[in-house]
Amino acid sequence: MLKNIAVLVSGGGTNLQALIDAQKSGIIKSGKITAVISSSSQAYALKRAENAGIKTFVVSKKEEGSQEKFEEKIIKILEDEKIDLIVLAGFMCILTKNFTSRYPNRIINVHPSLIPSFCGKGFYGLKVHEAALEYGVKVSGATVHFVNEIPDGGKIILQKAVSVRKNDTPETLQKRIMREAEWKILPKAAEKVCRNLLKNEKEK
Ligand code: GAR
């Protein structure tokens with residue numbers, strides 16, 4: 001049976017779109033995106049999910065009132081929807097150990113740099129690319145990794161390097177890393193983890 005995938009988002013959802021497209025084209029064939037959970041009701045990612053006929057949920061930390069309640073609500077959805085794999089795709093909220101320890105090797109995240117550079121607390125979205133350009137690196141890229149209680153600290157699944165150009169701005173670098181790296185390695189990693197989950201099931 002295909003593994004149920006939940007994608008957690010906060011914004012534009014281009015990585016979610018890459019996952020939806022990869023499912024359509026058969027790159028993802030061991031799992032199926034069955035739920036999209038957004039931390040914001042304004043996220044365009046919700047529209048992308050609706051267009052693809054995927055069930056959507058909004059869980060706002062502000063409305064829930066605390067980190068604990070925020071996480072409990074997400075956990076309830078994941079349980080109700082019988083989710084096997086959680087993909088963080090531009091999800092801009094921190095998840096504590098209370099959450100991550102429930103899903104060992106079942107949460108993956110895409111980060112827009114080559115970990116261990118420009119990662120951890122405070123490094124998200126454009127800030128990552130600003131820091132990379134400021135440092136003057138000639139190569140950056142993206143990483144997909146398992147998620148544990150350490151921000152961007154879990155085991156690396158896939159990485160792809162992207163060259164920095166002389167005239168890059170944080171915006172141009174961000175777009176190129178998304179196009180050349182994130183949108184490619186995130187679907188591949190999701191398939192890899194689902195395939196392994198299926199394989200482990202059969203071996204039991
Ligand atoms: C992506 O570049 C993703 O790697 C990054 O936010 C962007 C979301 O774009 N995530 C992080 O920085 C997490 N630390 P999207 O909503 O279009 O997929």
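These figures come from a predicted structure and were not determined experimentally.

Draft legend 1. Local environment of the overall build of the protein. Within the protein, the regular secondary structure consists of 7 helices and 7 strands. Moving toward the C terminus, one meets the helices and strands of the protein in the order β-α-β-α-β-α-α-β-α-β-α-β-β-α. At 16 Å, the protein has a C-alpha radius of gyration in line with the 17 Å of a compact globule built from 204 residues. The burial tally for the protein puts 49% of its 204 residues in the buried class. Carbon and sulfur atoms provide 52% of the accessible area of the protein, an area that totals close to 10,700 Å². When the 33 positive and 22 negative side-chain charges of the protein are each reduced to one mean point, those points stand 5 Å apart.

Draft legend 2. Layout of the layout of surface pockets. Roughly 750 Å³ of internal volume is contained in the largest pocket. In terms of lining, the largest pocket is formed by 38 residues, of which the most central are G90, F91, M92, N109 and Y124. Counting only elements with at least two residues in the lining of the largest pocket, the list comes to α1 (14–25), β5 (107–111), β6 (139–146) and α7 (170–203). Here the residues of the lining of the largest pocket sort into 17 nonpolar, 17 polar and 4 charged. When its volume is computed, the second largest pocket comes out at roughly 200 Å³. P104, N105, R106, F146, K155, I156, I157, K192, V193, N196, L197 and N200 together form the lining of the second largest pocket. Only β7 (156–163) and α7 provide two or more residues apiece to the lining of the second largest pocket. When residues in the lining of the second largest pocket are grouped by element, the largest group, 5 residues, is from α7. When its residues are assigned to classes, the lining of the second largest pocket shows 6 nonpolar, 3 polar and 3 charged.

Draft legend 3. Focus on the environment of S25. For S25, the location among the structural elements is in helix α1. Taking the C-alpha atoms as reference, S25 lies 13 Å from W183; in sequence the two are 158 residues apart. A polar contact of 3.4 Å, which involves the side chain of S25, links it to the backbone oxygen of A22.

Draft legend 4. Inspection of the site of the ligand at higher detail. Around the ligand sit 14 residues in total, of which G13, T14, N15, G125 and E182 are the nearest. G12 is positioned with one of its backbone polar atoms (N or O) 3.5 Å from an oxygen atom of the ligand. Side-chain polar atom of T14 to an oxygen atom of the ligand: 2.6 Å apart, as the coordinates give it. Out of a free accessible area of 450 Å², the ligand has 92% covered by protein chains. If you map the ligand onto the pockets, it falls in the largest pocket.

Draft legend 5. Just the sheet that holds strand β1 (residues 3–9), in detail. Strand order in this open sheet of 7 strands is β3-β2-β1-β4-β5-β6-β7, and the pairing throughout is mixed. The sheet terminates laterally at β3 (55–58) and β7, the two strands that pair on one side only. Averaged over all adjacent pairs, the angle separating strand axes in this sheet is 20°, with direction ignored. Running over the sheet, α1 touches β1, β2 (31–38), β4 (85–88) and β5 and is turned about 160° from β2. Across the sheet, helix α2 (residues 44–51) touches β1, β2 and β3, and the angle it forms with β3 is around 160°.

So, how was this worked out
Residues numbered from 1 in each chain as written. Predicted model: local features only at pLDDT ≥ 70, side-chain atom pairs only at ≥ 80, totals over all residues. Heavy atoms only, no water. Helix = DSSP H or I, 4+ residues; strand = E, 2+ residues; numbered from the N terminus. Rg over C-alpha atoms; globule rule 2.2 N^0.38 Å. Buried < 20%, exposed > 50% of the residue type's maximum accessible area, 1.4 Å probe, protein only. Areas by Shrake-Rupley, 256 points an atom, 1.4 Å probe, with all protein chains shown as cover. Lys, Arg positive; Asp, Glu negative; His and termini not counted. Charge placed at Lys NZ, Arg CZ, Asp CG, Glu CD. 1 Å grid on protein atoms, 1.4 Å probe; cavity = no way out; pocket = protein on both sides within 12 Å on 5 of 7 lines; lining within 4 Å. Points joined across faces, edges and corners; volume = space filled by probe spheres on them. Nonpolar A, V, L, I, M, F, W, Y, C, P; charged D, E, K, R; others polar. Polar contact = N/O pair within 3.5 Å; in protein donor to acceptor, adjacent residues only side chain to side chain. Near = heavy atom within 4 Å. Sits in = over half its atoms within 2 Å of the grid points. Pairing = 2+ DSSP bridges. Axes fitted to C-alpha atoms, helices over the stretch in contact; angles between N-to-C directions. Contact = heavy atoms within 4.5 Å.

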